[in-house]
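An overview of the molecular structure
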Amino acid sequence: MIKDLVRRDVVNLKNYQVHMQQCKYKMDANESPFDLPEDIYARLSEVIRNARPNIYPDPLATRLRGAISAYAGVNADNIIVGNGSDDLIHGIMNSFVEREDFVLYPEPSFSMYRIYTLIAGAKPIGIPLGEDFQYHVGTFIEAVNKYAPKVVFLCVPNNPTGNVLSKEAIVDILESVKGLLVVDEAYYEFYGETVVDLIGKYPNLVILRTFSKAMGIAGLRVGYLISSNEVIDELYKTKSPYNINSVSQAVAYEVLKSGIYKERLNYIISERNRLFNRLKEIKGVKAYPSAANFILIRVADAEKVHQKLIEKDILVRSFKGDPYLNDCLRITVGTAEANEHLIKSLREIM
Ligand code: PMP
């Protein structure tokens, strides 16, 4: 079963490469449309030299964690850094999940919760979201009581649906969970609400964040996790020592220090709101409200629309074969020009 899954993923990865070369407007993977700021490029050789590429990277990412600590408002000891937050999800499995354990997560949501659960030999339990994808807190709590999961994932805002869950609701679920409750805040910056302030109160609360979205360095692979000292210590026991290379640590530090993400964030949020209003006007398109940097839409024939958009040089995310997302497409918010091109193209197609 695990082998089948991996085979299927390799096929997807190959398709992905083809699309990357083909489309001018890449609106499929919730990345930032912006390049690194010029002043970082101008200092890049100095930044790389200072990172000392001939020696192994700092396994504790001390300098970067210091900057994250100031940014997130938590003690640096409560932070561990990963090679993307994917790496940290894998780490959670390695440190906390054994074969046959249950792992709960919303459905539909980020696919890697299920995949890493399967790779760990554990049992994934997808908890269906309600109509229009709202979380049903009662259903989660019932499932927690039934399965006693080692880990429960919540994704806020949820990928790919864009909806959120209030802090009160998160606490209600948290108080019923005996294992870890992971709140994946990959899209936190586009939403502005966090549960970081609960870290001191709940030792089993884990928060995942990433530099791949608002921070704009998906290709450099940097994510971080915030939790209690007990959880962080357990995660260090299974972490690959040199999981984040020196250059990525150094550039992530520069991006955070430059503060460049702030104005870009405002731009993306205002484009998201504009794009949502424009999408709603198109006949045959249902757009779901989103607190992230993407918008999920429902159309009558998603595969056809997906292909026609590729012909117009736009790649969006299709969910072919996913029973929860039949006829849905996910559009990453791009620059005003990209968003205009998308709107114009969708109008022509529909
Ligand atoms: N969590 C969520 C909800 C995501 O959408 C993604 C990326 N699509 C990730 C985690 C992983 O991000 P990364 O590994 O690039 O940090």
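Residues numbered from 1 in each chain as written. Predicted model: local features only at pLDDT ≥ 70, side-chain atom pairs only at ≥ 80, totals over all residues.

Concerning the overall build of the protein
Note the following rule: Working definition: helices are DSSP H or I runs of at least four residues, strands are E runs of at least two. Numbering for both runs from the N terminus. For this measure, only C-alpha atoms enter the radius of gyration; the expected value for a globule follows 2.2 Å times N^0.38, where N is the number of residues. Two residues qualify as a contact pair if the distance between their C-beta atoms, derived from the backbone, is within 7 Å.
From N to C terminus, the protein includes 14 helices and 12 strands. The C-alpha atoms of the protein give a radius of gyration of 20 Å, which matches the 20 Å a tight globule of 350 residues would have. For the C-alpha atoms alone, the extent of the protein along its principal axes is close to 55 × 55 × 40 Å. Here the contacts in the protein between residues at least 6 apart in sequence split such that 71% fall between residues at least 24 apart.

Structural notes on the UniProt feature "modified residue: N6-(pyridoxal phosphate)lysine" (unreviewed entry) in the protein
Stated formally: UniProt positions are given in the numbering used here, feature names are shortened, and annotations may be inferred rather than shown by experiment.
Within the UniProt annotation, "modified residue: N6-(pyridoxal phosphate)lysine" (unreviewed entry) is assigned to Lys-213. Those residues in contact with Lys-213 that lie beyond four places of it in its chain are Asn-30, Ser-32, Ala-186, Tyr-187 and Asn-293.

What to know about the sheet that holds strand S10 (residues 294-298)
One key point about sheets: their strands pair by backbone hydrogen bonds, in either a parallel or an antiparallel sense. How we decide: Strands are treated as partners if at least two bridges between them are detected by DSSP.
Pairing within the open sheet is mixed, and its five strands lie in the order S1-S11-S12-S10-S9. Bordering the open sheet on either side are strand S1 (25-27) and strand S9 (286-287), each of which pairs with just one other strand. For S10 and strand S12 (residues 328-332), the ladder comprises five bridges, and the chain directions are antiparallel. Following the sheet pairing, Arg-298 is matched in S12 by Cys-328.

Brief notes about helix H12 (residues 261-280)
This is how the line gets drawn: Under the convention used throughout, the expected extent of a helix is 1.5 Å for every residue step, that is, one less than its residue count. Put plainly, a residue is buried at 20 or more neighbouring C-beta atoms within 10 Å of its own, exposed at 12 or fewer, and partly exposed in between, counting only other residues' C-beta atoms, which are placed from the backbone. What the arc describes is the spread of directions from the helix axis to the C-beta atoms.
A rise of 1.5 Å per residue sets the reference length of H12, with its 20 residues, at 28 Å; its end C-alpha atoms lie 28 Å apart and thus fit the reference within 8%. The complete set of buried residues in H12 reads Tyr-261, Ile-268, Arg-272 and Leu-275. Projected onto a plane normal to the axis of H12, the buried residues spread over an arc of 75 degrees and lie on a single side. Structural note: H12 exposes Lys-262, Glu-263, Asn-266, Ser-270 and Asn-277 on the side pointing more than 90 degrees away from its buried face. The inward-facing, buried residues of H12 contact helix H9 (188-191), helix H11 (246-258), S10 and helix H14 (336-349).

Some points on the site of the ligand
So the rule is basically this: As used in this record, a residue near a molecule or strand is one whose C-beta atom, placed from the backbone, is within 6 Å of it. Each residue is assigned to one class: nonpolar for Ala, Val, Leu, Ile, Met, Phe, Trp, Tyr, Cys and Pro, charged for Asp, Glu, Lys and Arg, and polar for all the others, Gly among them.
Around the ligand, 13 residues are found, and the nearest of them are Gly-84, Ser-85, Asp-86, Thr-210 and Ser-212. A class-by-class count of the residues in the shell around the ligand yields four nonpolar, seven polar and two charged.

Structural notes on the pairing of strand S3 (residues 102-107)
Put simply, the test is: Looking down the strands as they point away from the viewer, one classifies a crossover as right-handed if the path from the first strand across the helix to the second runs clockwise.
Counting buried positions over the six residues of S3 gives five, a clear majority of the element. Relative to strand S4 (residues 123-128), S3 runs parallel, the two sharing six bridges. Of the residues in S4, the one forming a bridge with Pro-106 is Ile-127. As for the winding sense of the linkage, the β-α-β connection from S3 through helix H6 (residues 112-119) to S4 is right-handed. Pairing geometry for S3 and strand S5 (residues 151-155), over two bridges, is parallel. For Leu-104, the partnering residue across the bridge sits in S5 and is Val-152.

Remarks on the environment of Glu-142
As for its placement among the helices and strands, Glu-142 is situated in helix H7 (residues 137-147). The sequence separation of Glu-142 and Gly-259 amounts to 117 residues, and the corresponding C-alpha distance is 42 Å.

Brief notes about unusual backbone geometry
Put simply, Val-156 and Pro-157 share a cis peptide bond, and its omega is -10 degrees. Relative to the assigned elements, Pro-157 resides in the loop between S5 and helix H8 (167-174). Between Asn-159 and Pro-160 the backbone carries a cis peptide bond, its omega angle lying at 15 degrees. Position of Pro-160 relative to the elements: it lies in the loop between S5 and H8. Not every positive phi belongs to a glycine, and Asp-132 is a case in point at roughly 55 degrees. With respect to the helices and strands, Asp-132 occurs in the loop between S4 and H7.

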